[in-house]
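Chain by chain, the residues run as shown.
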Amino acid sequence: MNYLGHLYLAGSDPDMQVGGLLGDFVKGPLRGDYPPRIEAGIQLHRRVDALCDSLPATRQLLEVFPAPWRRYGGIVIDVVFDHLLARDWDDFHPQPLDDFCQTFYRALTGHRALLPERARAFCDRAPALRWLESYRDAEQIPRVLAHIGQRLRRPRHLEQAWPPLQPFAATFEQGFRENLAALTTAIGPTPGITRHPCLDVAVRL
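Residues numbered from 1 in each chain as written. Predicted model: local features only at pLDDT ≥ 70, side-chain atom pairs only at ≥ 80, totals over all residues. Heavy atoms only, no water.

**A short note on the environment of Phe81**
Residue position: Phe81 is located in helix α5 (residues 73-87). Taking the relative accessible area as the measure of exposure, Phe81 reaches 0% and is therefore buried. Distance from Phe81 to Leu180, taken between C-alpha atoms, is 9.2 Å for residues 99 residues apart in sequence. The contact partners of Phe81, leaving out residues within four places of it in the chain, are Met1, Leu61, Phe172, Gly175, Phe176 and Asn179. (Helix = DSSP H or I, 4+ residues; strand = E, 2+ residues; numbered from the N terminus. Buried < 20%, exposed > 50% of the residue type's maximum accessible area, 1.4 Å probe, protein only. Contact = heavy atoms within 4.5 Å.)

**Concerning the layout of surface pockets**
Looking at the largest pocket, its volume works out to about 870 Å³. What lines the largest pocket is a set of 29 residues, and nearest its centre among them are Asn2, Tyr3, Asp24, Ile75 and Ile148. Elements that contribute at least two residues to the lining of the largest pocket include exactly α3 (36-54), α5, α8 (117-129) and α9 (140-150). For the lining of the largest pocket, the residue count by class is 12 nonpolar, 8 polar and 9 charged. (1 Å grid on protein atoms, 1.4 Å probe; cavity = no way out; pocket = protein on both sides within 12 Å on 5 of 7 lines; lining within 4 Å. Points joined across faces, edges and corners; volume = space filled by probe spheres on them. Nonpolar A, V, L, I, M, F, W, Y, C, P; charged D, E, K, R; others polar.)

**Describing α8**
The end-to-end C-alpha separation of α8 is 18 Å, in line with the 18 Å expected for 13 residues at 1.5 Å each. For α8, the complete set of buried residues consists of Ala119, Phe122, Cys123 and Ala126. In this structure, the buried side of α8 is in contact with α1 (3-9), α2 (14-22) and α7 (97-110). Phi turns positive one or two residues past the end of α8, at Arg130, with a value near 50°. (Expected span 1.5 Å × (residues − 1).)

In structure tokens, the structure reads:
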């Protein structure tokens with residue numbers, strides 16, 4: 001899962017959501033540098049990442065990647081899953097996506113002084129750019145991949161990985177729903193969120 005997926009799985013607690021974002025920016029042991037609920041959110045982020053990487057649907061999706069791009073498959077899957085979550089948000093969450101994102105941006109801004117530099121840059125730019133909301137637009141997928149690709153240790157035109165995957169759109173959608181169901185089951189009920197029937201599929205962890 002990418003940013004939006006982690007916020008969704010963090011539930012309605014603003015500090016857990018902030019931690020859900022910070023999982024992409026804070027590495028290494030947690031030593032009490034953040035409030036307990038934020039650190040709990042970071043720990044949840046790490047657990048979700050580990051679970052997602054191990055799920056059958058993730059492994060099956062990696063098989064459809066052309067060989068040159070398979071090593072970056074996890075990045076592409078995360079971005080596509082965020083697009084699918086944003087696109088179908090009303091299926092999964094009672095609060096409209098725009099309202100959810102604006103509430104989160106306010107919570108993040110309230111903790112700005114605690115944020116590491118890169119997360120602070122996200123905090124400052126995301127509301128104006130409507131960063132999370134923009135994932136609804138499929139055209140954002142190559143743009144986000146291009147941005148990520150240029151930040152890799154060895155920069156790559158990661159957006160070029162997306163066109164060969166277009167024939168597998170249905171496979172990505174099925175994998176997304178299976179993974180979200182598996183993660184929801186693994187981490188337990190998310191307060192304030194009604195389970196949607198499309199998540200009621202049999203998944204083995």
